[in-house]
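The lines below spell out each chain.
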Amino acid sequence: MASQLSQQYAYRAQKSIGLVGGTPDYKPIDSFQPPDVPARTFKYSADGRLFAYAIPTGVRIYQAESAQLLQELALPNIVEISFSPRGTYLSTWERPVKLEDGAQHKNLRVFSVSTGEELVAFSQKSQEGWELQYTISESHAVRLVGQEIQVFRPVEWSKGVVDKLKVEGATTITLSPGLNPSLAVFIAEKKGQPASVKIYSLTALNAPPTCQKTFFKAQRSQIKWNTLGTAVLVLTQTDVDQANKSYYGETGGLYLLSAAGNFDCRVTLDKEGPVHDFAWSPNSKEFGVIYGFMPAKTMLFDQRARSLHDFGPAFCNFISFNPQGRLIAIAGFGNLAGRVDIYDRRTLTKVTSIDASNTSHCEWSPDGRFLLTATLSPRLRVDNGIKIWHCTGPLVHVQPIDELYQTSWRPTPVDAVPAFPQNIPPAPAPAPSVQEHATVVKPTPTKPAGAYRPPGARGLEASSAYKREDETPSGGSTPNGRFSRSPAPGRFQNGRRHVPGAPTSPSPVRHNNDQDKRGRKKKGPKEGKKDGAAGGEASARPSIDIPPNGDAEAVAAAAANGSVPPTPGGDSGLDPTAKKVRNLNKKLKAIEELKEKQKKGERLEATQLKKIDTEAEIRKELASLGISS
């Protein structure tokens, strides 16, 4: 049995697809022959017997354990595939197209896995919610068409719809697991009418709903049934947060409803903020919720929404029970650091913490002893790969894969794997890939921390006001910067923004008459005396008078008199002809660079080609100015 229940997993990348055996070696299954072209998707059956993938020319179905090819369906352009719970039927979906005869394109098709025969086909425009939903025994299958729920008997597909129910405004349906299946129907709010969830018994679809709940702030929902199908959690959300606190919309509330209709309530969450994640325990008697603004709060509730345990605040947005319900993984992925805390449900103590940074997919193994984390593309295009951790913390396997798109464990029924022991088992020896990964990973070089310099002083010689720790100034410029001759980029000088390399134009002189007009107000005798004293001091200081027209000779004369500090590198003395010649030469230089790129075979844009065409005009203009180019 041990070899039969190996912890197999599958992966799909841009240029490869593969099956990998489980502990302890994690070796690829040699009998699996990958396709020559990239696969679009893959899927395991719920019982783990079958494995299928779609390529541009068709769909191939394998026996998962031995990787033996069972069926090959010649179906081009398949985008999605799905198995029924027992692996009897395979559903495929392709993008709808317009047919020449105007008929509807039946792009959702159902095939028999054993014979490869097409049993039934439907028209399904939307890719979201395309799958047929089966009962666990495959006795019934349901789908939502517009606002009508249609029920089929898979053993008699040819008979078509055997039961149906029209629900006004229905947007999504979710079929429960368990032996007595129920159907949860969500109706979004519309034109001021509140949203609602109605639960119907599948065997008595046209009878009144066994349970229903109405609420506002609900344009979409997440619906999760427990394993027995006796209770359901409904999280309502809006597309837009009216309070503008979240980019992703506003969480309306989390509700717990009983399928029998004897209990319903709103789950009390005592911290403001969105619900990040929630999950049922496999025992169907409790569930966990992560909610609130960061650091979020994680709480465990029973089947009557009574709080059982508070795990405390942490930066997390993901919760998952292992299939046996013994361990709980609480993690922070996405824009969080990727820390995974594993708790023992029996003692409610932390077992270990795992640093799984950049994780975009996390999943428990069927035996509940291992945790698979993966960095997938296009969420992140670097460091793609798979890591497998033991529940006590050690890393046991690493598989780097470029452009990894999809991965998952092979499902295995809980009763077909060994029971989880009373004491948490020790970790096995790591696979050789862990040692190889450790030798490849290079330590990140630490950047030496230099002296802090404010943004305005960066890129310039530091003044003596910014001294190093050894008290040695790094430059000889003035300490206060009041008369800095080279203002920093972006600084304002003379009321104008300084642009590096641009000619500096002097500010016009404000005459005393103008100042009197702008600041004219009645002055008393005391104020007049003060002004007179101030005027006396001002007359002793040198005045700077710059002509309004910016005459270069006047500026130079003023500088010679010592009243204006000369500006090094200034080109205010250039006459208009010289400026024009300089600008034309710049254009010629840019054209020469573009021609060099063109010679090297680089593709130029249309605007760059037009710029090259202006070369003759520029040279002609330079010649008219008496400059030979």
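Since we're looking at a predicted model, the values are computed, not measured.

About the criteria used
Residues numbered from 1 in each chain as written. Predicted model: local features only at pLDDT ≥ 70, side-chain atom pairs only at ≥ 80, totals over all residues. Heavy atoms only, no water. Helix = DSSP H or I, 4+ residues; strand = E, 2+ residues; numbered from the N terminus. Buried < 20%, exposed > 50% of the residue type's maximum accessible area, 1.4 Å probe, protein only. Contact = heavy atoms within 4.5 Å. Areas by Shrake-Rupley, 256 points an atom, 1.4 Å probe, with all protein chains shown as cover. Pairing = 2+ DSSP bridges. Expected span 1.5 Å × (residues − 1). Axes fitted to C-alpha atoms, helices over the stretch in contact; angles between N-to-C directions. Polar contact = N/O pair within 3.5 Å; in protein donor to acceptor, adjacent residues only side chain to side chain. Core = buried A, V, L, I, M, F, W, Y, C linked by side-chain atoms within 4.5 Å.

Attention shifts here to the overall build of the protein. Scanning the protein from terminus to terminus reveals seven helices and 37 strands. A total of 629 residues make up the protein; the buried ones form 40% of that total. Here the analysis covers contacts within the protein between residues at least 6 apart in sequence; of these, 42% occur between residues at least 24 apart. With the model as given, the accessible surface of the protein reaches about 36700 Å², and the carbon-plus-sulfur share is 51%.

On to the sheet that holds strand E13 (residues 148-152). Strands sit in the order E11-E12-E13-E14 across an open sheet of four strands; the sheet is antiparallel. Edge positions in the sheet fall to strand E11 (133-134) and strand E14 (163-166), since each has one partner strand and no second. Two elements, E11 and strand E12 (residues 141-145), share two bridges in a ladder whose sense is antiparallel. Note on E12: the bridge partner recorded for Tyr134 is Ala141.

For helix H5 (residues 576-599), spanning 24 residues, the distance from its first C-alpha to its last is 35 Å, which sits close to the expected 34 Å at 1.5 Å a residue. Among the residues of H5, Val581, Leu584, Leu588, Ile591 and Leu594 are the ones counted as buried. Immediately beyond the C-terminal end of H5, within one or two residues, lies Gly601, with a positive phi of roughly 95 degrees.

Okay, the environment of Ala52 next. For Ala52, the location among the structural elements is in strand E4 (residues 50-55). Taking the C-alpha atoms as reference points, Ala52 and Gln71, 19 residues apart in sequence, are found 9.2 Å from one another.

The subject of this paragraph is the sheet that holds strand E17 (residues 195-201). Taken in spatial order, the four strands of this open sheet run E15-E16-E17-E18, and their pairing is antiparallel. The open sheet has two free edges, formed respectively by strand E15 (170-175) and strand E18 (211-215), since each of these has just one partner strand. Each strand of the sheet is rotated relative to its neighbour by a mean of 15 degrees, with strand direction disregarded. Examined bridge by bridge, E17 and E18 share five bridges and lie antiparallel to one another. What sits directly across from Val197, in E18, is Lys213.

Right, let's talk about the environment of Glu403 for a bit. Inspection of the secondary structure puts Glu403 in the loop between strand E34 (395-400) and strand E35 (404-409). It is 5.5 Å that separates the C-alpha atoms of Glu403 and Gln14, two residues lying 389 residues apart in sequence. Leave out the neighbours within four places in its chain, and Glu403 touches Ala13, Gln14, Ser377, Arg381 and Asn384. A polar atom in the side chain of Glu403 sits 3.3 Å from the side chain of Ser377. A distance of 3.4 Å separates the side chain of Glu403 from the side chain of Tyr405, its partner in a polar contact.

Time to look at the nonpolar core. Leu327, Phe333, Val340, Ile342, Ile354 and Trp364 are the most contacted members of the largest nonpolar core, which has 18 residues in total. For this core, the secondary-structure elements that each account for two or more residues are strand E28 (327-331), strand E29 (339-344), strand E31 (361-364) and E34. In terms of residue count, the dominant contributor to this core is E28 (three residues). What Phe333 contacts, discounting residues up to four positions off in sequence, is Asn317, Phe318, Gly338, Val340, Ala356, Thr359 and Cys362. Judged by nonpolar contacts, the second largest core, of 17 residues, contains Leu233, Cys265, Val267 and Met299.

Just geometry here; none of it tells us what the structure is for.
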